[in-house]
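Geometric and topological summary
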Amino acid sequence: GGQGQAVECLSPRQMKHVAAYLLAQLGGNASPSAADVTSILDSVGVEPDSEKLEKLLGSLEGKDLVEVLAAGKAKMAAMPSGGGGGGGG
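Residues numbered from 1 in each chain as written. Predicted model: local features only at pLDDT ≥ 70, side-chain atom pairs only at ≥ 80, totals over all residues. Heavy atoms only, no water.

Topologically, H17 is positioned in helix α1 (residues 12-26). Classification of H17 by relative accessible area gives buried; the value is 1%. Of the polar contacts made by the side chain of H17, one reaches the backbone nitrogen of D49; its length is 3.2 Å. Each residue touching H17, except ones within four places of it in the same chain, is listed here: V37, L41, P48, D49, K52, L53 and L56. (Helix = DSSP H or I, 4+ residues; strand = E, 2+ residues; numbered from the N terminus. Buried < 20%, exposed > 50% of the residue type's maximum accessible area, 1.4 Å probe, protein only. Polar contact = N/O pair within 3.5 Å; in protein donor to acceptor, adjacent residues only side chain to side chain. Contact = heavy atoms within 4.5 Å.)

Here it is, written out as C-alpha cells:
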C-alpha cells in the first residue's frame, strides 16, 4: 500500500505538523484534528500551513502514524544515495 506517502518528502514545515500531530497523540488524542495540531503549533509561535496540514491529515486518516513513519523510513533506506567522492591527496 501507499502507507509511506505521508512522509516521503517532508519539508521542515511539514515536519512541524507531524511533530505537533505526534504530541497530540502522546497527550491522549488518538486522532488529532487540524484544530488540535494548529493549537499546538500556535502555542510555540509556529503558523501552520492549512493546506499542507489538511493534506497530511487526509493521508493519515485511518492509519497509525508510527506505522506510516516506519514505512517511510524503510523506503528511504532502500533509496540509492549518491556518495561523495574521496579527495585525492
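This part covers the nonpolar core. Most often, soluble globular proteins keep nonpolar side chains buried together rather than apart. Grouped together as the largest cluster of nonpolar side chains are 12 residues: V18, A20, Y21, A34, V37, L41, L53, L56, L57, L60, L65 and V68. Within the residue set of this core, elements represented by two or more residues are α1, α2 (34-43), α3 (50-60) and α4 (65-78). At 4 residues, the largest contribution of residues to this core is made by α3. With near-sequence residues (within four places) excluded, L65 lies in contact with V18, Y21, L22, Q25 and L60. (Core = buried A, V, L, I, M, F, W, Y, C linked by side-chain atoms within 4.5 Å.)

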